[in-house]
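Observations on the model geometry
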Amino acid sequence: MNKKWMISLLTGSICMAALSGTVLAADVSDASAEEEVFSESITEDSTEVPEEAVSEGSTEEEITVPDRPEYKALDYVTLGQYTGFTLQGQSTEVTDDKVMASLNSSIGTDYYTEVTDRPVQEGDVVNIDYTGKKDGKAFDGGTASGYDLTIGSNTFIDGFEDGLIGAKVGETLDLNLTFPEDYYSEDLAGQEVVFTVTVNSIKEFPEITDDLIKEITNGDYTTVDDYKAYLKDQLVQQKEDARESAIRSQILTKLMDTCTVDSDPDGLFDYYTALYKRQYQTYASYYGINLKDMVESSGMTMDDFNTELEKEARVEMDQELILEAIEEKEKLEISDEEYDQSVEEQAEKLGYTDVDQFKESVDQEEFTRYLLMEKALKFVEDNSVITQEGDEAVTEGAEAVTEAAGGTEEAAESSTEQ
């Protein structure tokens, strides 16, 4: 475990509410999701708790979360603009190439055929040993042995995979590369490095047939076309989820810019910090260690940890207060039908077979709070203009934006200027 990963747990959460005592969207299992991860060895190393930190029966007094205070958000928030935003939408198009890439990645290397009579080419799986050095010294996370890499998968930084094309089994070569400027590791971002790579073996991708699809899916899909259709649906859903997440992130950022939290309800900040701290304490307990042990094994002090946690709690609390103020201003409510439907959807997502059992485990007040904030976010989204990359504008909610801005297109354009 390293310090950057620990901080990513703190800054990676977008909390909307508590469900059964757990923050809904702050899933600590999704600790780090860098777009340009160099290799799996980095993410594996970054989440590893040193063995010396693990001790059976490690216990500590459970952090007590105080009761959430009662308040009216509009007593503490000055609402500025919260409709008429211009938001950037991401494309949800999935190309045939992306579908094929997904299909290829679902085929395990056991189905590949080893080749010895030619060099590496696009699409091969090469087993390699590698060592990455900066200024002549090996850097953390840049060394591995027996690693299977699919050429063309873009798993590694630019130039790594292309640099292996043409190499033969047993060959060792040096790759002079540069990490991207926006690479997640500050120590490596924009830095020139040398990777010494040895090719241990080359495996060739198999011919994709209906029989192969039946085998790799255990009979769930019997034709290549059916499986490709399934994969495309999955990829589209992922893109739609990513698009919605990006839009909501923009909304929260804009709301923080246009609205002001004038003061805190008494006790709310203490509630947030205790809730988050207990969440990390629970995470530490999964490893059989104390929170202090986990924090210190990451290279952070408890003072550092508390400082970062309080910063995040402050942001999340302010976002929630603003959303609650919008709820109150717009008189948003959750009907019984909406509540029951949301409970069923959440139960299905979490794998419950008995919806009533899940419903009984849910704190109704907190779950309703979560649904109201979701509704407030949706209200802002529906009353904003969403532009599409490469398009002039995709005016989702444009009529509502125009009405909110004064009833004319000119007014709507004016209201969305930032």
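Figured I'd write up the structure that's included with this text. (Residues numbered from 1 in each chain as written. Predicted model: local features only at pLDDT ≥ 70, side-chain atom pairs only at ≥ 80, totals over all residues. Heavy atoms only, no water.)

**Overview of the packing of helix α10 (residues 336–349) against helix α12 (residues 364–382)**
- For the pair α10 and α12, the least separation of the axes is 11 Å and the interaxial angle reads 95°. The pairing of α10 with α12 is recorded here as roughly perpendicular in orientation. Where α10 abuts α12, its residues Glu338, Tyr339, Ser342, Val343 and Gln346 lie against Gln364, Phe367, Thr368, Leu371 and Lys375. (Axes fitted to C-alpha atoms, helices over the stretch in contact; angles between N-to-C directions. Helix = DSSP H or I, 4+ residues; strand = E, 2+ residues; numbered from the N terminus. Parallel < 35°, antiparallel > 145°, perpendicular 65-115°, else oblique. Contact = heavy atoms within 4.5 Å.)

**Concerning the pairing of strand β6 (residues 125–134)**
- Pairing between β6 and strand β7 (residues 137–150): 8 bridges, direction antiparallel. Opposite Tyr130, over in β7, you have Ala144 as the bridge partner.
- Two strands pair when backbone bridges link them, and β6 and strand β9 (residues 192–204) are joined in this way by 9 bridges, in the antiparallel orientation. Counted as the bridge partner of Lys133 is Val194 from β9. (Pairing = 2+ DSSP bridges.)

**Some points on the pattern of salt bridges**
- Scanning the entire structure with this criterion turns up 17 salt bridges.
- Taking the shortest distance from any N to any O, the salt bridge between Arg68 and Glu366 comes out at 4.0 Å. A residue pair is termed long-range when its members are at least 10 positions apart, and Arg68 in the loop between α2 (40–46) and β3 (77–78) and Glu366 in helix α12 qualify at 298 residues.
- By relative accessible area, Arg68 is classed as buried at 13%.
- For Glu366, a relative accessible area of 9% corresponds to the buried category.
- Residue Glu338 pairs with Lys375 through a salt bridge whose shortest N-O separation is 3.0 Å. Within this pair, whereas Glu338 is found in helix α10, its partner Lys375 is found in helix α12, the two being separated by 37 residues in sequence.
- What makes Glu338 partly exposed here is its relative accessible area of 31%.
- We classify Lys375 as partly exposed; its relative accessible area is 26%.
- Among the charged side chains, a network of salt bridges with common partners joins Arg68, Glu320, Glu324, Glu365, Glu366 and Arg369. (Salt bridge = Lys/Arg side-chain N within 4 Å of Asp/Glu carboxyl O. Buried < 20%, exposed > 50% of the residue type's maximum accessible area, 1.4 Å probe, protein only.)

None of the figures reported here should be taken as evidence of function without further support.
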